[in-house]
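Okay, here's what each chain looks like letter by letter:
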Number of protein chains: 2
Amino acid sequence: MHRTHTCGELRVEHIGATVTLSGWVQKRRDFGGMTFIDLRDRYGLTQLGFNEEQDKELNERARSLGREFVVKVHGTVIERSNKNDNMPTGDIEIKVSDFEVLNAALTPPFTIEDDTDGGEEIRLKYRYLDLRRNPIQEKLVLRSQLNKAVRDYLNDADFVDVETPYLIKSTPEGARDFVVPSRMNEGQYYALPQSPQTFKQLLMVSGLDKYYQIVKCFRDEDFRADRQPEFTQIDCEMSFVERDDVLDTFEGMIRSVFKSVKDLELGDIPKLTYDEAMRRFGSDKPDMRFGMELVDLDDVAKGNGFGVFDKAESVVAINVTGGNNYTRKELDAFTDWVKRPQIGTLGLIYCRVNTDGSYKSSVDKFFDQDKLKTWAEKCDSKADDLIFVLSGNTHKVRKQMNELRLHVGELQGLRPKNKYAACWVVDFPLVELDEESGKWHAMHHPFTSPIPADRDKMDTDPGAVKANAYDMAINGMEVGGGSIRIHDKNLQKRMFDLLGFTEEEAQEQFGFLMNAFEYGAPPHGGIAFGLDRLSALLSGTDSIRDVIAFPKNNMGRDIMIDAPAPLNADQKKELGM
Amino acid sequence: MHRTHTCGELRVEHIGATVTLSGWVQKRRDFGGMTFIDLRDRYGLTQLGFNEEQDKELNERARSLGREFVVKVHGTVIERSNKNDNMPTGDIEIKVSDFEVLNAALTPPFTIEDDTDGGEEIRLKYRYLDLRRNPIQEKLVLRSQLNKAVRDYLNDADFVDVETPYLIKSTPEGARDFVVPSRMNEGQYYALPQSPQTFKQLLMVSGLDKYYQIVKCFRDEDFRADRQPEFTQIDCEMSFVERDDVLDTFEGMIRSVFKSVKDLELGDIPKLTYDEAMRRFGSDKPDMRFGMELVDLDDVAKGNGFGVFDKAESVVAINVTGGNNYTRKELDAFTDWVKRPQIGTLGLIYCRVNTDGSYKSSVDKFFDQDKLKTWAEKCDSKADDLIFVLSGNTHKVRKQMNELRLHVGELQGLRPKNKYAACWVVDFPLVELDEESGKWHAMHHPFTSPIPADRDKMDTDPGAVKANAYDMAINGMEVGGGSIRIHDKNLQKRMFDLLGFTEEEAQEQFGFLMNAFEYGAPPHGGIAFGLDRLSALLSGTDSIRDVIAFPKNNMGRDIMIDAPAPLNADQKKELGM
């Protein structure tokens, strides 16, 4: 037997017991004739003690143990003379009578400590060592708890966990598929699913009523920071539901998850329309942890001879509470920040509200105190606040202001990682125009239903049609999204038509779904949550890589196993390549 | 709102309530001025009633409803005059006040009944309709319950659910990989995992202690009946364990699963060595639901001038209780059955034990009554039993006798689908010789540890080395298997060497694992269960296709979505093909 207890288990009530522990050497301290070792496993640390006086040879052997050696020790639990209140096992130590080295260890290429000295590349290459560190291991355990919390809630709500296939058919529309050549069907390919969308809809046609699956999905995108070619979705679908049935069900799920994983009661989850979210926050995934909402200054800012505003479609402001204490240099830094190509403004206008209630703006030439007062009134600004103003194309300037709002919020400490605020965004546009191709694109996907009242506008004014679609955002991140689906074959055809599919293309790619709609498809809708992102959010990390056991780097490579890699000649030949 | 209740929910206590139901028209019966419809959803059937006298127009509209139409009905729950005890909702019906057709339906290509008239091909093509049938839907629900039961047990036992990557590196050793060309790394390929074996071992190196995952795996095999290119494993690994720690843990899991899914207490789960299983049953996955064990007749059958026996390495018998009632014609059929190429014997010898205790064999010329009596004593045969005898190469004849045993057991009703008997088979050979290539192959996989006592034989007599490996069989099917792994770099090298890997090949394919072993790998072991097969077993079906929502056919094709399929030219170009 390798152990009677784990390294996190022993307490004062075990004093006197003979125990066997196994684990890794975390640290060794040699004091005169005494040697102390912290032995580590997933469950904690336990101190081992050796004493030259009692057993000289054993004490010497103990001093040959290096960091990360794997050892099995036998001994007696004794009370510590120097108790350590910061350690759950800090009241006791093991007086070791014998031990065995189960495996020696080379010196690890970086320290296995909460704050390691290893850079990202080396930690990815030796991921199995990085995973030994508490901060990483805790995130994997949290992810497992999240997974369980989701399943518990959905199982209790009568959802059936159904696996859909991974080897499916390529649908060139949308993002790029990863494909898999078929050896048995030469010249033909499977595709890996970007989502189980059509399969879950077919499960609804089959009467399964409530489906869920926690499932890997794949997207062959040009890699950028914090994108993974494979990612995990909590994928769900329900029959005989309307929008609010879905929102109520999954609001319940998210509340239940926060309660069971973080012991936190989520506050109100407001429903914002897309238009409202864009107007108030400049984002379809607003960070609701703080106010600093966008203010429309059009009527007080335009028509004062300041050409930049006068020519702009929109003039938009935010009020920074207490922002008057920013120095001139700091304000310049904000200007530089928004002028970077990632944000792309031409400049940044500000107006200080001085302690005495007077105003000092960067456009005093065009706006006198009275005019600036109207700004301040609109923005509900108080003494010592600061107003930032941007102008330009409405959609663009709102998005720019969203970035600035988030940046200022971050600096002001308004976005703490341990505070969570969720919202629903609903009534998205059904389609958006791709400027380049002049084609309409589905904003969610082609199976999303338009809002019934807007259906007639599909032919006359597609851009004005709202979709029966919804996203959930938490802390400014989209964590889930879905829609009520089309369940009528003719409406689905009309949608494909609007998106520029020929009848043949639609039939070839989605014929099986449209055929299924002929045989009694129920009204249905669903949602998918990103498990990676939810895990990151609950772990308080910004990178999904931290919550994935074996992530790929930004080039889509697994540098630990060195994949992808060339095939050997036999494999290529068999695949007809 | 589409419904206030499901179609399986209403009882006498609901009488008088106004309800809304939605579902599919299962059946319509027209009687004079009355119309009855059975409305179906996942939860059950509810009878709807219409009456010409009360509402002529509504009754007529009801008569336009065809099979599988989707309707939403409003009405009042009333007591039935003719109660139906076979239906949970059989005490009530709905007096319909109004209804709405949510979707019409074409006549389905086969009947949506428990016993359908549809052939397999058409049912696969319209799988979403086949899934409407109770026997299939129940299997998916059972699979979901099985999944939950497994997770509940493992979560309670402190296992962490960790996802390992799907886009990994090809390892040409073993079965064929499915590969995925990388667009971003031209000329390079990912492979889909045949199992997460190396990753779960790395998780042990990382100190995760107890890991599980329910995960899709992929194997590009030449297709044969009831093989799927993608299949699902319950994949588990533990650190600081010896064999019996693993067996105890997973025996507990299997018991817990049977209890929660079938409300069944599994009986004893004996541990048989591989040698014992082969000797007693001729199989490394014996069906323990019945006896009829193999009997070694060497010492009583050989040396009597019957050349077939005298030249044979082994003479093996089974006793068929009451088998004397088989007719001559039936015995001939058994002979034909074992002579088919799938079994491949040259003949089949039998010996009847007559009612009066005398014997009648097919080799009376060589064996008199006294000699046959020694057979009967060895076989513990009683009056009216029958002895079947086969001879030849020991390993081959045992396997042949296993087939005959299973066949006879089936005919005798000794293998009922609702009876379950499990066993462990342990101490498998570590390697087996491939006759063609003269090379040693790993019987489990190259990471399996030899039994410590046998380690020295690895150089001198590899075929005699036992592996620290184990399988679980239930009802003659292997449902799970695993081993204590090698955790020592030098032993792993020796194993690769035995299997004929050059040092370069071993390093290229598994270097990351062997490097990991340098940094403090703990002793570890694990197991994987086939979820598809367990689901089939618990569902009482012989085909795993029945427990997969969207299975592929024997050619690896999904004939519903028509995959695999050719790629379009743009996709090929992007992939550099």
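Computed from a prediction, not measured in an experiment: that's the story for all the values here. (Residues numbered from 1 in each chain as written. Chains lettered and ligands numbered in written order. Predicted model: local features only at pLDDT ≥ 70, side-chain atom pairs only at ≥ 80, totals over all residues. Heavy atoms only, no water.)

Draft legend 1. Layout of the interface of chain B and chain A. Counting from both sides, the interface comprises 117 residues of chain B and, opposite them, 117 residues of chain A. Here chain B and chain A share an interface that buries about 10,200 Å² over both sides, 59% of which is from carbon and sulfur atoms. Looking only at chain B, the three residues that lose the most surface to chain A are Glu163, Phe240 and Tyr519 of chain B, adding up to 8% of its buried area. Our enumeration of links across chain B and chain A arrives at 12 salt bridges. Of the charged contacts, one joins glutamate 574 of chain B and arginine 176 of chain A as a salt bridge, the two residues approaching to 2.6 Å between their closest N and O atoms. At the junction of chain B and chain A, the tally comes to 60 residue pairs in polar contact (both at pLDDT 80 or more). The element that contributes the greatest number of residues to the side of chain B that touches chain A is helix α4 (residues 134-156) of chain B, accounting for 9 residues. Grouping the constituent residues of the side of chain B that touches chain A by class yields 63 nonpolar, 25 polar and 29 charged. (Contact = heavy atoms within 4.5 Å. Buried area = accessible area lost by both parts, 1.4 Å probe. Salt bridge = Lys/Arg side-chain N within 4 Å of Asp/Glu carboxyl O. Polar contact = N/O pair within 3.5 Å; in protein donor to acceptor, adjacent residues only side chain to side chain. Helix = DSSP H or I, 4+ residues; strand = E, 2+ residues; numbered from the N terminus. Nonpolar A, V, L, I, M, F, W, Y, C, P; charged D, E, K, R; others polar.)

Draft legend 2. Examining the pairing of strand β9 (residues 210-218) of chain B more closely. Residue and element names in this part refer to chain B. Burial analysis of β9 places 9 of its 9 residues in the buried class, which makes it a mostly covered element. Residue alternation in β9 divides its side chains into two sets, Lys210, Tyr212, Ile214, Lys216 and Phe218 and Tyr211, Gln213, Val215 and Cys217, and both sets are buried. One ladder, built from 2 bridges, connects strand β6 (residues 160-161) with β9; its direction is parallel. Looking at the pairing, valine 160 lines up with tyrosine 211 of β9. By the bridge criterion, 9 bridges tie β9 to strand β10 (residues 230-239) in an arrangement that is antiparallel. (Buried < 20%, exposed > 50% of the residue type's maximum accessible area, 1.4 Å probe, protein only. Pairing = 2+ DSSP bridges.)

Draft legend 3. Structural detail: the packing of aromatic side chains. Overall, the coordinates contain 55 aromatic pairs over all chains when judged by the stated rule. Centre to centre, the rings of phenylalanine 309 of chain B and tryptophan 375 of chain B are 6.1 Å apart; their planes meet at 50°, and the pair counts as tilted. Residue phenylalanine 309 of chain B is located in helix α9 (residues 307-311), and its partner tryptophan 375 of chain B is located in helix α11 (residues 369-379); the two are separated by 66 residues in the primary sequence. With a centroid separation of 6.3 Å and an interplanar angle of 55°, the aromatic rings of phenylalanine 501 of chain B and phenylalanine 510 of chain B are classed as tilted. Residue classification places phenylalanine 501 of chain B among the buried residues on the basis of a relative accessible area of 10%. Feature note: the residues Phe306, Phe309, Phe366, Phe367 and Trp375 of chain A constitute an aromatic cluster, connected by ring pairs. (Phe/Tyr/Trp six-rings, centres within 6.5 Å; stacked < 30°, edge-to-face > 60°.)

Draft legend 4. Examining the relation of the copies chain B and chain A more closely. For the match of chain B to chain A, the screw axis carries a shift of 0.0 Å, the RMSD comes to 0.1 Å, and the turn is 180°. On the angle and the small slide along the axis, the relation comes out as a two-fold axis. No C-alpha of chain B approaches the rotation axis more nearly than that of valine 180 of chain B, which lies at 2.5 Å. A shared binding surface is used by both copies, with 100% of the interface residues of chain B retained as interface residues in chain A. (Least-squares fit on C-alpha atoms with pLDDT ≥ 70 in both.)

Draft legend 5. Region of the structure containing empty space enclosed by the protein. Per the counting criterion, the structure on display carries 11 cavities of 30 Å³ or more. The volume enclosed by the largest cavity comes to roughly 280 Å³. The wall of the largest cavity is formed by 21 residues, among which Tyr166, Ile214 and Val215 of chain A together with Tyr166 and Ile214 of chain B lie closest to the centre. Those elements that place two or more of their residues in the lining of the largest cavity are α4 (134-156) and β9 (210-218) of chain A together with α4 and β9 of chain B. Of the residues that constitute the lining of the largest cavity, the class distribution is 6 nonpolar, 7 polar and 8 charged. (1 Å grid on protein atoms, 1.4 Å probe; cavity = no way out; pocket = protein on both sides within 12 Å on 5 of 7 lines; lining within 4 Å. Points joined across faces, edges and corners; volume = space filled by probe spheres on them.)

Draft legend 6. Representation of the domain arrangement of chain A. Splitting chain A by domain gives domain 1 (12-103), domain 2 (137-271 + 423-547) and domain 3 (290-415). The gap between the C-alpha centroids of domain 1 of chain A and domain 2 of chain A is 52 Å. (Domains from an automatic or database assignment.)

Draft legend 7. Highlighting the sheet that holds strand β1 (residues 18-31) of chain A. Residue and element names in this part refer to chain A. If you trace the 5 strands once around the closed barrel, you get β1-β2-β3-β5-β4, paired in mixed fashion. Direction aside, the axes of adjacent strands within the sheet are offset by 55° on average. When β1 meets strand β4 (residues 70-79), the two strands line up antiparallel, connected through 7 bridges. The residue bridging valine 19 from the neighbouring strand is glycine 75, located in β4. (Axes fitted to C-alpha atoms, helices over the stretch in contact; angles between N-to-C directions.)

Draft legend 8. Helix α14 (residues 489-498) of chain A, seen in detail. All names here are of chain A. Those residues of α14 that fall on the buried side of the exposure criterion are Lys489, Leu491, Gln492, Met495, Phe496 and Leu498. On its buried face, α14 sits against β18 (431-434), β19 (439-442), α13 (457-460) and α15 (503-516). Two to three positions downstream of the cap, the backbone nitrogen of asparagine 490 sits 3.1 Å from a side-chain oxygen, assigning the N-cap of α14 to aspartate 488. Following α14 by one or two positions, glycine 500 adopts a phi angle in the positive range, close to 85°.

Draft legend 9. How the structure looks around the environment of glycine 207 of chain B. Locating glycine 207 of chain B in the fold gives a position in the loop between α5 (197-205) and β9. For glycine 207 of chain B, a relative accessible area of 4% translates into the label buried. Between the alpha carbons of glycine 207 of chain B and threonine 273 of chain B there is a distance of 31 Å; along the sequence they are 66 residues apart. Those residues in contact with glycine 207 of chain B that sit more than four places away from it in its chain are Trp24, Arg42 and Gln137 of chain A.

Draft legend 10. Representation of the pairing of strand β21 (residues 477-484) of chain B within the structure. Residue and element names in this part refer to chain B. Along β21, 6 of the 8 residues are buried, which leaves the element largely enclosed by surrounding structure. Across 6 bridges, the pairing between strand β20 (residues 469-474) and β21 is antiparallel. Opposite alanine 469, over in β21, you have serine 483 as the bridge partner. Joining the antiparallel neighbours β20 and β21 is a turn of 2 residues, in which asparagine 475 adopts a positive phi near 55°. Judged from the 5 bridges that link them, β21 and strand β22 (residues 524-530) form a sheet pairing that is antiparallel. Within the sheet, the bridge partner assigned to glycine 482 lies in β22 and is isoleucine 527.

Draft legend 11. Focus on unusual backbone geometry. Each neighbour pair has its own omega, and for alanine 563 of chain A with proline 564 of chain A the value is 0°, a cis peptide bond. Position of proline 564 of chain A among the secondary structure elements: in the loop between α16 (531-539) and α17 (569-574). Unlike most non-glycine residues, phenylalanine 240 of chain B shows phi in positive territory, near 55°. Mapped onto the elements of the fold, phenylalanine 240 of chain B is located in the loop between β10 and α6 (243-262).

Draft legend 12. Structural context of helix α16 (residues 531-539) of chain B. All names here are of chain B. Across the 9 residues of α16, 7 count as buried, placing the element largely inside the fold. Those residues of α16 that sit buried are Leu531, Asp532, Leu534, Ser535, Ala536, Leu537 and Leu538. Glycine 540, located one to two residues past α16, shows a positive phi value of around 70°.

Draft legend 13. Focus on the packing of helix α7 (residues 274-281) of chain A against helix α12 (residues 394-411) of chain A. All names here are of chain A. As a packed pair, α7 and α12 sit with axes 8 Å apart at the nearest point and diverge in direction by 60°. Between α7 and α12, the angle is such that the two are oblique. Counting all contacts with α7, which are made through Tyr274, Met278, Arg279 and Phe281, the residues of α12 involved are His395, Arg398, Lys399, Asn402 and Arg405. In terms of residue class, the contact of α7 with α12 is built from 3 nonpolar, 2 polar and 4 charged. (Parallel < 35°, antiparallel > 145°, perpendicular 65-115°, else oblique.)

Draft legend 14. Main features of the sheet that holds β9 of chain A. Residue and element names in this part refer to chain A. Read across the open sheet, the 8 strands follow the order β6-β9-β10-β22-β21-β20-β17-β11; overall the sheet is mixed. The sheet terminates laterally at β6 (160-161) and β11 (271-273), the two strands that pair on one side only. One ladder, built from 3 bridges, connects β11 with strand β17 (residues 422-426); its direction is parallel. Within the sheet, the bridge partner assigned to lysine 271 lies in β17 and is tryptophan 424. Where α4 meets the sheet, it contacts β6, β9 and β10 (230-239), and its direction lies at approximately 150° from that of β9.

Draft legend 15. Just the side chain of arginine 415 of chain A, in detail. All names here are of chain A. By the secondary structure assignment, arginine 415 is in the loop between α12 and β17. Accessibility expressed as a relative area gives 18% for arginine 415, which makes it buried. A distance of 3.2 Å separates a polar side-chain atom of arginine 415 from the backbone oxygen of leucine 406. Arginine 415 has contacts with Asp287, Arg289, Phe290, Leu406, Gly409, Glu410 and Asn475, leaving out every residue within four places of it along the chain.

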